Amino acid sequence: MTRAPAPRLEEFESFRDYLAAWQAFKQRQDPGFTRSEVARRLEVRANWGLQGVERLLGEIIEGRKLTDSFIDRFVAVLELEPEAARAFRVRVRYEQAES
């Protein structure tokens, strides 16, 4: 049985849709890879409280803006190659830009 390939950013119209698909993909591979695990890997501090940590990825997918620091953290958690990392940063900044 072959594994499905990981989602790629260019397959999605929104980086938020990509993040949702990526987390679902990772959770299919490892049921313990929950949104809380993503927050842990993003090094979200305990002062958010447990519920805040558990909601973080959902809030980002729903529209919460990412700071440059969080963009960099996502690049690390997503384990992106340099070109894909650059594309992710550009896409996030473009989609979050005020018009």
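Residues numbered from 1 in each chain as written. Predicted model: local features only at pLDDT ≥ 70, side-chain atom pairs only at ≥ 80, totals over all residues. Heavy atoms only, no water.

So, on to the side chain of glutamate 37. Summarising the element assignment, glutamate 37 is placed in helix α2 (residues 35–41). Glutamate 37 gets classed as buried once you look at its relative accessible area, which sits at 16%. Of note is the side chain of glutamate 37, whose polar atom sits 2.7 Å from the side chain of arginine 40. Of the polar contacts made by the side chain of glutamate 37, one reaches the side chain of arginine 41; its length is 2.7 Å. (Helix = DSSP H or I, 4+ residues; strand = E, 2+ residues; numbered from the N terminus. Buried < 20%, exposed > 50% of the residue type's maximum accessible area, 1.4 Å probe, protein only. Polar contact = N/O pair within 3.5 Å; in protein donor to acceptor, adjacent residues only side chain to side chain.)

The next point concerns the confidence of the model for the chain. When pLDDT is averaged along the chain, the result is 87, and 86% of the positions lie at 70 or above. Put simply, helix α3 (residues 49–62) is where the chain has its lowest mean pLDDT, 73, and helix α5 (residues 82–96) is where it has its highest, 96. (pLDDT = per-residue confidence, 0-100.)

A separate point is the environment of arginine 41. Position of arginine 41 relative to the elements: it lies in helix α2. Through-space distance from the C-alpha of arginine 41 to that of leucine 78 is 9.8 Å; in sequence the pair is 37 residues apart.

With that settled, the discussion passes to the packing of helix α4 (residues 68–78) against α5. Packing of α4 against α5 brings their axes to within 10 Å, and their N-to-C directions diverge by 145 degrees. Crossing handedness for the pair α4 and α5: right-handed. Contacts between α4 and α5 pair Asp68, Ile71, Asp72, Phe74, Val75 and Leu78 from the former with Ala85, Phe88, Arg89, Val92 and Arg93 from the latter. When its residues are assigned to classes, the contact of α4 with α5 shows seven nonpolar, no polar and four charged. (Axes fitted to C-alpha atoms, helices over the stretch in contact; angles between N-to-C directions. Left-handed = near helix turned anticlockwise from the far one by under 90°. Contact = heavy atoms within 4.5 Å. Nonpolar A, V, L, I, M, F, W, Y, C, P; charged D, E, K, R; others polar.)

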